[in-house]
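Okay, here's what each chain looks like letter by letter:
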Amino acid sequence: GHDKLAIAVMTTKFWGAGGVKLTVAFASGTGAVYADKILSHMNAWGQFCNATFVAAAGGRGQIRISFGAGGYWSYLGTDILQIPANQPTMNLQGFNRSGIPESEYRRVVRHETGHCLGAVHEHARRAIVARLDQQKTIDYFGRTQGWSSEEVRQQVLTPMEESSLMGTPEAETDSVMTYSLPGSITIDGKAIPGGTDITEHDGAFLGKLY
């Protein structure tokens, strides 16, 4: 039903109800075509909530995007302000070159931007973590992301404390904030589809916050 809020936000990392406008800097040498495309996908959240992302003047962005090894990640909400100015706050491995399909911009850039707005991984909700086979999950993320077992425990297998979340009683498996997880690592063998774009629920939830 559409009355359910879809995603969870860390109450301590939230920018505040007035909305947020953040500046974005890209690693030096990023082509304008890629920078513009990434910004347009970040601003997809703006149709649902009062959040705006603008190119930083002179490379001094509050969000700083790099494209090197390490997969896709972003610091959460207001945490980005604590990161030293010479370090990235988001990584989009390989998104500064051609050949990345539009669907991946939609899925990955919008997901990582959700983190900038304070949205946590929806798959970190207890209901989803409980469905994962721990050892198979560690093996899978080791193979696909190069993560150590410790990193997999932190990123995927540690459920969020529900008390620190603003969100919903139920986890949403199609939220843009949910990873796609294969049936090979779940206890019941059923895949968790994961999100491919901002859902109506995702948008409605952040719209209530910002």
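For the structure, see preceding data.
### Side note on the overall build of the protein
Scanning the protein from N- to C-terminus turns up 6 helices and 7 strands. For the protein, the succession of helices and strands along the chain, N to C, is β-β-α-β-β-β-β-α-α-α-α-β-α. For the protein, the share of sequence-separated contacts (at least 6 apart) that also reach a separation of at least 24 residues comes to 74%. Accessible surface computed for the protein: about 9,700 Å², of which carbon and sulfur atoms make up 50%.

### Side note on the sheet that holds strand β2 (residues 20-26)
The mixed open sheet is built from 5 strands, whose spatial order is β3-β2-β4-β6-β5. For this open sheet the edge positions go to β3 (51-55) and β5 (72-74), each flanked by a neighbour on one side alone. Looking at each pair of strands side by side, their axes are set apart by 25 degrees on average, direction ignored. On the sheet, helix α1 (residues 32-42) packs against β2, β3, β4 (63-66) and β6 (90-92) and is oriented at approximately 155 degrees with respect to β2. Sitting on the sheet, helix α2 (residues 102-116) touches β3, β4, β5 and β6, and the angle it makes with β5 is about 25 degrees.

### As for the pattern of salt bridges
According to the stated counting rule, one finds 5 salt bridges in the structure shown. One salt bridge in this structure joins R107 and E104, with 2.8 Å as the shortest N-O distance. One end of the pair is R107 and the other is E104, both in helix α2 and 3 residues apart, which spans about a single turn. Where R106 meets D197, a salt bridge forms, and the shortest distance between an N and an O atom there is 3.1 Å. Highlighted residues: R106 in helix α2 and D197 in the loop between β7 (165-166) and α6 (200-209), separated in sequence by 91 residues. Here the residues in one salt-bridge network are R106, R110 and D197, joined through shared partners.

About the thresholds
In this numbering scheme, every chain counts its residues from 1 along its sequence in written order. For a predicted model such as this one, the threshold for reporting local features is a pLDDT of at least 70, and the threshold for listing and counting side-chain atom pairs is 80 or more; totals across whole chains, interfaces and linings nevertheless cover every residue. Neither water nor hydrogens contribute to the side-chain values; these are computed over all heavy atoms in the structure. Here a strand is any run of E in DSSP of at least two residues, a helix any run of H or I of at least four, and the numbering for each starts at the N terminus. By the convention used here, residues are in contact when the closest approach between their heavy atoms is within 4.5 Å. Note on areas: Shrake-Rupley, 1.4 Å probe, and residue coverage restricted to the protein chains presented here. At least two bridges found by DSSP between two strands is the condition for calling them paired. Axis definition: a line fitted to C-alpha atoms, over the contacting stretch in the case of helices. Angles run 0 to 180 degrees between N-to-C directions. Note on definitions: salt bridges are taken to be side-chain nitrogens of Lys or Arg within 4 Å of carboxyl oxygens of Asp or Glu.

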